[in-house]
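Structure assessment
Take a look at the letters that make up each chain.
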Amino acid sequence: MWNPCISCGACCAHFRASFYWSEADAAAGGITPSHLTTKLTPHHAVMSGTEKQPPRCVALHGEIGKNVRCVIHALRPSPCREFQASWVDGVHNERCDRARAAHGLPPLSPPGDTR
Ligand code: SF4
Ligand code: SF4
C-alpha cells in the first residue's frame, strides 16, 4: 500500500501529540512507553519532544523528508494512530499539508493526479 509517511515524518515534528495519560503503559491497559512521554497536565501527557519549540517527537528516527520511522509505531498513542496522510484513504488532510509545508515539502497529491 502507498505509504508517503516513510519518506516524510513532518507531522511528528510539527504538532504537539497529546493524549489522555492512561494511554501510557504506566497505567493499566496503556501501551505507549511512558519513558518517551512527558506530563502535560494532571490528566494529559505528550510524546516527549512534541511539547517543545520547534517540536520533534523523540520516537521519530531518521531525516524528515527523506527516510523516517516511528520506533514505537505499534504502540503509538491515539492522536498518531488517527492522523492520516492526505489521500491515503481518499480523504484530504489539511493538517498533513500544513506539517509538510512547514518542512518545505509539497502537499501530497491524490493518486492519479499528474499535476
Ligand atoms: S509517537 Fe510516532 S507517530 Fe507519534 S509523533 Fe512520535 S514518531 Fe510520530
Ligand atoms: S505529514 Fe502527512 S505524509 Fe507526512 S508523515 Fe505526517 S501524515 Fe504522513
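Described in the following lines is the structure provided in the data block. Numbers given for residues are sequential positions, taken from 1 along each chain in its written order. Naming scheme: in the order in which they are written, chains are lettered from A and ligands are numbered from 1. Given that the model is predicted, a residue must reach a pLDDT of at least 70 before its local features are reported, and side-chain atom pairs must reach 80 or more before they are shown or counted; all residues, however, enter totals for whole chains, interfaces and linings. The basis for every side-chain value is the complete set of non-hydrogen atoms in the structure, without hydrogens or water.

With that settled, the discussion passes to the nonpolar core. Generally speaking, a soluble globular protein has its nonpolar side chains buried in company with each other. Throughout this description, the term nonpolar core refers to a set of buried Ala, Val, Leu, Ile, Met, Phe, Trp, Tyr and Cys residues connected via side-chain atoms within 4.5 Å. Burial classes: relative accessible area under 20% of the type maximum marks a residue as buried, over 50% as exposed, and values in between as partly exposed (1.4 Å probe, protein chains only). In terms of nonpolar packing, the biggest core is built from eight residues, these being Ala17, Phe19, Leu36, Ala45, Met47, Cys57, Ala59 and Ile72. The contact criterion used is simple: two residues touch if any of their non-hydrogen atoms lie within 4.5 Å. The contact partners of Cys57, leaving out residues within four places of it in the chain, are Cys12, Met47, Ser48, Gly49 and Thr50. Core analysis: the next-biggest nonpolar cluster, separate from the first, contains five residues, Cys8, Phe15, Ala99 and Leu105 among them.

Our next topic: the side chain of Ser78. Its place among the elements puts Ser78 in helix α1 (residues 78-82). Discounting residues that sit within four places of it in the chain, Ser78 has contacts with Phe19 and Glu23. Secondary structure is summarised from DSSP: a helix means a run of H or I of at least four residues, a strand means a run of E of at least two, and numbering begins at the N terminus for each.

Let us now look at the side chain of Thr50. Within the element layout of this structure, Thr50 appears in the loop between β3 (44-47) and β4 (60-63). Any pair of nitrogen or oxygen atoms within 3.5 Å is treated as a polar contact; in protein, a donor-acceptor pairing is required on top of that, and neighbouring residues in sequence qualify only through side-chain atoms on both sides. At 2.8 Å, the side chain of Thr50 and the backbone oxygen of Met47 are in polar contact. Not counting residues up to four positions away in its chain, the partners in contact with Thr50 are Cys12, Phe15, Arg16, Ala17, Pro55, Arg56 and Cys57.

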